[in-house]
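Remarks on the overall topology
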Amino acid sequence: MSWPVARGIDPIETMPVSPHARATRRVLWLWAVIVMAFLYVPIVLLIIFSFNEPASPGLPITGLTLDWYEDALTNRLLLDAVKNSIFVAVAVSILATIIGTMAAFPLVRGRIRYPGAARIVATLPIMLPGMLLGIGILLFLRRVLDLELSLLTVVAGHLVFTVPFVILIVAAQLQGFDRKLEWAAADLGAEPRQAARHIILPLIWPSILAGALISFTLSIDEFVITFFTVGPQLTLPTYIYTQIKFGVTPAVNAIATLLLLGTLLMFGLGIVLLSVGRRVRRRDAT
Amino acid sequence: MTSEVGRGTTPADAPEIGQRRSVARLWPAIPAALVLGVLFLGSMAFMVVFSFWRTDAGFHLVPDWNVDNYVKFFTVPTYLRTFGKTLVMAAAVTVAALATALPFTYFLVRYVSRRWQRIVLLAVIVPFWTSYLLRVYAWQAILGERGVINQLLMGLGIIDAPTRLFTYNDLSVFIVLVYVSFPFAALALYATLERFDFGQLRAAQDLGARPDQALRHILLPQIRPGIITACIFVFVPIIGEFLTPVVVGGTQGVLIGNLVINFFRGAQIAQGAAFAIVIAAFVTLLLIVFRRHLQVEDVVARG
């Protein structure tokens, strides 16, 4: 693996300054390779073991099989868990995107009395360890509101940390938004509602979409908060957790591989959509 | 009051219009205020309340106000020791993650073309978006007694019998935590390094600074916000970590988060709430102290 040196970089820029520069660079390159291996070896092994015959995941590789995939995919509990997770993730991403996008506007533009406090309240759920959120929300829903735990309480729990993500992402784009465009629209007779619909939304939709994709991915992977707020139902992460705790078979690795593939697809889709969005905007701009 | 007066309004009708305007502007934030103000802050507030109550013999929460739950945290040696150990673990992982990520991102920004930078960065982020649970689980098959490391060491003839050096202890928890924290550190550091003008290092050296002096006096002060952000993003989650010890830590690798979970498992809600509040207060304090340097968007808004 070698990373080509940038074309177009000024040779003076990369010219060795100290006599050790070349050596330093070699060492750094080697370090980068080691780091990438550190990041990916566990994942690659995870995938390899999903095809391995023995009933406990690990070396040696004795024979290749697809049995664990069949095991995983014919398991009713798992399929229900996947269905539940998708329901929660779709609900969370729709709600979080709408709620977060709406909130981003007054946060960026309004004169909020305590901007510092609002910022801290909006970042705390992202920064606080999930365990604290999970326990707090569980106590609030059960002991204070006396609600039965269900998938809906999971959705509520997930909103607490996905809404801040959407707010931060959309607010970041709104901050760079050229308000002259809106004023121009207003000068030309557009109502604020029309300006929002025809001027602002078309320009900031990549960040809204990014917010939706991120909240979907975060929700479908979230274990800790789900663990506390879920009722008798299983979601994908809680199912995987019980599998890991009680009797691991490579079926877990098969699920992991499929989930990884799913995440990659979502990721790819997000990137493609974002770059399409950028291209559209660029074309509109010229 | 006067601060709410909109610019461009006449003084006579200003207060009323100003107020109506600010209400009109704030309504889109109401649903978010419900989620964050009621559900989140409400949860935290009631957790504070419960932490001053008592759990009776029948596992019911009783509004019998007292501070025993907090006293226990600070007087029972096991609890204090576990909390101290959690802080040491968090600090060690932070140092290791930054020491790993700093040379990596420095190399990336300084010597790799923009196009490849983006690809490598994406490769760092992708595992970050896959299930946390599975990333921890992946290490079970590597560190375990019959795991890859043991198999390799035995295959090479270095050891005869599987060693338990790498499993169900603090070392295994440490390794896995560095693994899951790395992307946070790399993202935060990349974001600041990317804004750094490397010409300054050359300038410093032209003026006679040794490379290490240039790094220390020119680079380091300018990337300090990124370093602080990275530290916070690695350190804070570990204080509330309970999953990694469960999956690879065994009984030896227990952290403070596991104690909290055990209290709730045992229906000792008031006691668990007090521990959770101590942790939450500690984290909030850290965030407030470092809020000026913390660049959450650098890490969050890159996905």
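Residues numbered from 1 in each chain as written. Chains lettered and ligands numbered in written order. Predicted model: local features only at pLDDT ≥ 70, side-chain atom pairs only at ≥ 80, totals over all residues.

1. What to know about the overall build of chain B
Rules: To qualify as a helix, a DSSP run of H or I must reach at least 4 residues; to qualify as a strand, a run of E must reach at least 2; elements of each kind are numbered from the N terminus. The exposure label follows from counting other C-beta atoms within 10 Å of a residue's C-beta, where the C-beta atoms are placed from the backbone and the thresholds are 20 or more for buried and 12 or fewer for exposed, leaving partly exposed in between. This entry defines residue contacts through backbone-placed C-beta atoms, with two residues in contact when those atoms are within 7 Å.
Helices and strands together make up the secondary structure of chain B, namely 15 helices and 2 strands. In chain B, buried positions account for 41% of the 303 residues. The contacts of chain B with a sequence gap of at least 6 include a subset with a gap of at least 24, amounting to 69%.

2. A few points about the overall build of chain A
Looking only at helices and strands, one finds 12 helices and 0 strands in chain A. Along its sequence from the N terminus, chain A presents helices and strands in the succession α-α-α-α-α-α-α-α-α-α-α-α. Sequence separation of 24 or more characterises 79% of the internal contacts of chain A that already satisfy a separation of 6 or more.

3. Some details on the nonpolar core
Under the convention used in this document: Note on terminology: a nonpolar core is any set of buried Ala, Val, Leu, Ile, Met, Phe, Trp, Tyr and Cys residues joined through C-beta atoms within 7 Å.
In terms of nonpolar packing, the biggest core is built from 158 residues, with A:V163, A:I167, B:V136, B:A185, B:A230 and B:A276 touching the most fellow members. The element best represented in this core is helix α8 (residues 170–195) of chain B, accounting for 16 residues. Setting aside anything within four residues of it in sequence, one finds B:A230 in contact with B:L98, B:A101, B:F184, B:A185, B:A188 and B:L189.

4. A closer look at the interface of chain B and chain A
Each partner contributes residues to the interface: chain B has 77 residues there, and chain A has 76 residues. For the side of chain B that touches chain A, the element with the most residues is helix α2 (residues 30–51) of chain B, which contributes 13 residues.

5. As for the environment of B:V178
Residues and elements named next belong to chain B. Structurally, V178 is set in helix α8. As a C-alpha pair, V178 and I119 span 59 residues in sequence and 22 Å in three-dimensional space. Setting aside chain neighbours within four positions, we find V178 in contact with V93, A96, A97 and T100.

6. Let's talk about the environment of B:F174
Residue and element names in this part refer to chain B. Of note, F174 is situated in helix α8. Residues F174 and V248, spaced 74 residues apart in sequence, show a C-alpha to C-alpha distance of 9.9 Å. Non-local contacts of F174, meaning those with residues more than four positions away in its chain, are made with M89, A92 and V93.

7. Things to note about the confidence of the model for chain A
This is how the line gets drawn: Confidence scores labelled pLDDT are given residue by residue by the predictor and lie between 0 and 100.
Mean pLDDT over chain A stands at 82; residues scoring 70 or higher make up 87%. Per-element mean pLDDT across chain A ranges from 51 in helix α1 (residues 11–14) of chain A up to 91 in helix α10 (residues 224–229) of chain A.

8. Details of unusual backbone geometry
Residues other than glycine seldom take positive phi values, yet A:D146 does so here, at roughly 55°. Within the element layout of this structure, A:D146 appears in the loop between α6 (130–144) and α7 (151–175). Using a count of 7 C-beta atoms within 10 Å as the deciding quantity, one classes A:D146 as exposed. Look at B:A267: it is not a glycine, yet its phi comes out positive at around 60°. What makes B:A267 partly exposed here is the crowd of 14 C-beta atoms within 10 Å.

9. Some details on the packing of helix α3 (residues 68–75) of chain B against helix α14 (residues 269–289) of chain B
Residue and element names in this part refer to chain B. Note the cut-off: Every angle, taken between N-to-C directions, lies between 0 and 180 degrees, and every axis is a line fitted to C-alpha atoms, over only the stretch in contact when it is a helix. Crossing handedness: left-handed means the near helix sits turned counterclockwise from the far one by under a right angle, and right-handed means the same turn made clockwise. Ten residue types, Ala, Val, Leu, Ile, Met, Phe, Trp, Tyr, Cys and Pro, are classed as nonpolar, four, Asp, Glu, Lys and Arg, as charged, and the remainder, Gly among them, as polar.
Direction vectors running N to C along α3 and α14 enclose 65°, while the axes themselves pass 9 Å from each other. The two elements α3 and α14 meet at a crossing, and its hand is right-handed. On the side of α3, the interface is formed by N69, Y70, K72 and F73, while α14 contributes A270, Q271, A274, F275 and V278. A breakdown of the residues in the contact of α3 with α14 according to their chemical character gives 6 nonpolar, 2 polar and 1 charged.

10. Focus: the packing of helix α11 (residues 236–245) of chain A against helix α6 (residues 132–143) of chain B
Heads up, the rule is: For this classification, under 35 degrees means roughly parallel, over 145 means roughly antiparallel, 65 to 115 means roughly perpendicular, and everything else is oblique.
At a minimum axis separation of 10 Å, α11(A) and α6(B) run at an interaxial angle of 20°. Compared by their axis directions, α11(A) and α6(B) come out roughly parallel. Regarding α11(A) and α6(B), the two cross each other, and that crossing is left-handed. Judged by residue contacts, A:P237, A:I240, A:Y241 and A:I244 of α11(A) engage B:L133, B:L134 and B:Y137 from α6(B). Broken down by class, the residue content of the contact of α11(A) with α6(B) amounts to 7 nonpolar, no polar and no charged.

11. Things to note about the environment of A:S150
All names here are of chain A. In this structure, S150 sits in the loop between α6 and α7. When the 15 C-beta atoms within 10 Å are taken as the criterion, S150 is described as partly exposed. Separated by 109 residues in the primary sequence, S150 and V41 place their C-alpha atoms 37 Å from one another.

12. Considerations on helix α5 (residues 115–127) of chain A
Heads up, the condition is: Helix span is expected to be 1.5 Å times the residue number reduced by one.
With 13 residues, α5(A) should cover 18 Å at 1.5 Å per step; its first-to-last C-alpha distance of 18 Å lies within 8% of that length. Regarding α5(A), the residues found buried are A:A118, A:A122, A:L124, A:P125, A:I126 and A:M127.

13. A word on the confidence of the model for chain B
Residue and element names in this part refer to chain B. Chain-level statistics for chain B give a pLDDT mean of 82 and a share of 90% at 70 or above. Put simply, helix α1 (residues 14–26) is where chain B has its lowest mean pLDDT, 51, and helix α4 (residues 77–111) is where it has its highest, 93. Per-residue pLDDT stays below 50 along residues 1–20; that stretch engages in 14 contacts with residues further than four places along the chain or on separate chains. Both scores are available for the predicted complex, with the pTM at 0.85 and the ipTM at 0.81.

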